[in-house]
Amino acid sequence: MIIEDHPAIGTPVHCGECISDIACENLNLKLPEHVISLRVHGIRVIFPDGTEKCLTEEGYVLEKHLFERWIAEEAIEAGASMHLSHKLTSMERVEEDGRFAGWMCDGKGDEFPIQTKVVIDASGVAAVCSKIVRPTDEKPLNEMGKVVAGMQYEMLEVPTDGYLDFYIWPKYAEKGYLWMIPKCDGRANVGLVTEDRPRTKKALDEFIDITHFKELEQVPPPWKEKGNPAFGGTIPISGPFDNTHYDGLMLIGDAAGFTSPLFEGGSHLALKSAVYAADTAAAAIAEGDLSAQRLSVYSRLWKDEFPPYDKILRGKNALFDLSDDEMSAMARCFPDEMGDMGVSGKAMVGLRLLFRRPGLYFKKIVPAMLAFGYSRARYYGW
Ligand SMILES: Cc1cc2nc3c(=O)[nH]c(=O)nc-3n(C[C@H](O)[C@H](O)[C@H](O)COP(=O)(O)OP(=O)(O)OC[C@H]3O[C@@H](n4cnc5c(N)ncnc54)[C@H](O)[C@@H]3O)c2cc1C
């Protein structure tokens, strides 16, 4: 059973909508034409002084709501039942002969109460099960971490050469970045993520005001009929939650805190963790063992596969410890293509820095450099 609290799958969209070829291969996704908006060639990072460097790798910008509907239809075809306008609000343990036997779930929607052997929490940043499941009386399953705000506009007639433009301009996006993500017919998402949540919209408007985007028309996205044209959401940034499994429960995607630290992509991680959780659930149900011990296989699977969050986060923090000027000086030492620097490429960057800005060489440039490397698709960056 799939439950979703909105009356439709996929809307409102809260995503920049890009996914890499590597993600599609890794997830065995054969995208149908109607969910694809545009073929893209990678990410161009634009530093504060305008220096541009590329992370070239092929991918797609999706019509994300159509993509999510397609995935849901695939699930239904494979035997799932879909229950829209169903919101989970509580879960009680069910025990038989002193043994854990599942969850009695309650909430708003006709199907409730629902008894189930395993719950897979895919509730996104709401992380509902982490809040309502209390292994001990005092504490919930997980404490909530930090989130950043993301917001974007759809714009028309946006010039593009098929790269996603990511601006690391801390003046407008504190510990975040701004983007232009091109779509079909000259459309594009222009937006940002920032840790300065109260200033999100103002900062985006200011950025648009001083760039070529100022001349372009903002329109509501096709799925939005009325109201403010801006759309977005929040993204967890504290890394994976401490407890991603429990008796008869697994957390996946944003609900488990799985986002890539530098550019905050989450779809690839969400879908891969979903595969691991589904496989683990099927095996555990077949064996009749729904215990936390049995489901710990799931946490082991994602830990073995996903890149080291703390290490990349250190790199991100090192990057944002640099002033705008230092960041740009570092970027000027990078090769035009940052994707495949390798050991010798990194050594060359080190030498250039030592020669041009020795002071910078001794700052934490190496972890900052690594953060870009870990933002590539093969490390679940997008
Ligand atoms: C502005 C912005 C731009 C982004 N850009 C990108 C990008 O370009 N590429 C990328 O890979 N990632 C991007 N991300 C991150 C990406 O959107 C998320 O990581 C991804 O959507 C996570 O998927 P999910 O299935 O875990 O959660 P979600 O997509 O958030 O889905 C959770 C679902 O659970 C439902 N739900 C919540 N609570 C309940 C409840 N109690 N009962 C029933 N249903 C419930 C919600 O309605 C929702 O439909 C972006 C995020 C933002 C905010």
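Going by the structure above, here's the rest.
Presented here is an overview of the structure given in this document.

**Describing the nonpolar core**
Ranked by internal contacts, the top residues of the largest apolar core, which has 44 residues, are Val-45, Leu-164, Ile-168, Phe-263, Leu-319, Phe-334 and Phe-372. Within the second largest apolar cluster, 33 residues are counted, among which are Val-128, Cys-129, Ala-256 and Phe-258.

**Side note on unusual backbone geometry**
In this model, Thr-11 is joined to Pro-12 through a cis peptide bond whose omega is -5°. With respect to the element layout, Pro-12 can be found in the loop between strand E1 (2-3) and strand E2 (18-20). Phe-112 connects to Pro-113 through a cis peptide bond whose omega is -5°. Mapped onto the elements, Pro-113 comes out in the loop between strand E7 (99-108) and strand E8 (114-116).

**Describing the site of the ligand**
The environment of the ligand is made up of 28 residues, and the closest members are Glu-4, Asp-5, His-6, Gly-16 and Asp-254. Glu-4 is positioned with one of its side-chain polar atoms (N or O) 2.6 Å from an oxygen atom of the ligand. In the model, an oxygen atom of the ligand is placed 2.9 Å from a nitrogen or oxygen of the His-14 side chain. Contact with the protein chains removes 87% of the 1,000 Å² of surface that the ligand exposes when unbound. Elements that contribute at least two residues to the shell around the ligand include exactly strand E6 (87-96), strand E15 (231-236) and helix H5 (267-287). Grouping the amino acids of the shell around the ligand by side-chain chemistry returns nine nonpolar, 12 polar and seven charged.

**Considering the pairing of strand E3 (residues 36-46)**
Of all 11 residues making up E3, eight are buried, and the element is well covered by its neighbours. Pairing of E3 with strand E4 (residues 52-62) involves nine bridges; the strand directions are antiparallel. Counterpart to Val-40 in the pairing with E4 is Gly-59. Counting the residues in the hairpin turn of E3 and E4 gives five residues, including Gly-50, whose phi is positive at 95°. When E3 meets strand E11 (residues 164-167), the two strands line up parallel, connected through four bridges. What sits directly across from Ile-43, in E11, is Leu-164.

**So, the pairing of strand E13 (residues 188-194)**
Counting buried positions along E13 gives seven out of seven residues, so the element sits mostly inside the fold. The two faces of E13 match: Ala-188, Val-190, Leu-192 and Thr-194 on one face and Asn-189, Gly-191 and Val-193 on the other face are all buried. As paired elements, strand E10 (residues 147-155) and E13 share seven bridges and run antiparallel to each other. When the sheet's bridge partners are listed, Ala-149 is paired in E13 with Thr-194. Pairing analysis gives six bridges linking strand E12 (residues 177-182) to E13, with the strands arranged antiparallel. Note on E13: the bridge partner recorded for Pro-182 is Ala-188. Adjacent in sequence and paired antiparallel, E12 and E13 are bridged by five residues, among which Asp-185 carries a positive phi angle near 55°.

**Quick notes on the pattern of salt bridges**
Inspection of every chain in the model, using the stated rule, returns 21 salt bridges. Of the charged contacts in the structure, one is a salt bridge between Asp-165 and Arg-44, with a shortest N-O distance of 2.7 Å. Placement of Asp-165 in strand E11 and of Arg-44 in strand E3 is noted, with a sequence separation of 121 residues between them. Each member of the pair, Asp-165 as well as Arg-44, is classed as buried.

**What about the layout of surface pockets?**
Of the voids in this model, the second largest pocket is the one considered here, and its volume is about 210 Å³. Lining the second largest pocket, in full, are Glu-96, Arg-99, Phe-100, Ala-101, Lys-117, Ile-285, Gly-288, Asp-289, Leu-290 and Ser-291. For the lining of the second largest pocket, the leading source of residues is E7, giving three residues. The residue makeup of the lining of the second largest pocket, split by class, is four nonpolar, two polar and four charged.

**With respect to the sheet that holds strand E9 (residues 119-121)**
Read from one edge of the open sheet, three strands run E9-E17-E16, paired in mixed fashion. Lying at the two open borders of the sheet, with one neighbouring strand each, are E9 and strand E16 (245-246). In this sheet, strand E17 (residues 249-251) lies alongside E9 in parallel orientation, the contact comprising three bridges. Directly across from Ile-120, in E17, lies its bridge partner Met-250.

About the cut-offs
- Residues numbered from 1 in each chain as written.
- Predicted model: local features only at pLDDT ≥ 70, side-chain atom pairs only at ≥ 80, totals over all residues.
- Heavy atoms only, no water.
- Core = buried A, V, L, I, M, F, W, Y, C linked by side-chain atoms within 4.5 Å.
- Buried < 20%, exposed > 50% of the residue type's maximum accessible area, 1.4 Å probe, protein only.
- Helix = DSSP H or I, 4+ residues; strand = E, 2+ residues; numbered from the N terminus.
- Near = heavy atom within 4 Å.
- Polar contact = N/O pair within 3.5 Å; in protein donor to acceptor, adjacent residues only side chain to side chain.
- Areas by Shrake-Rupley, 256 points an atom, 1.4 Å probe, with all protein chains shown as cover.
- Nonpolar A, V, L, I, M, F, W, Y, C, P; charged D, E, K, R; others polar.
- Pairing = 2+ DSSP bridges.
- Salt bridge = Lys/Arg side-chain N within 4 Å of Asp/Glu carboxyl O.
- 1 Å grid on protein atoms, 1.4 Å probe; cavity = no way out; pocket = protein on both sides within 12 Å on 5 of 7 lines; lining within 4 Å.
- Points joined across faces, edges and corners; volume = space filled by probe spheres on them.

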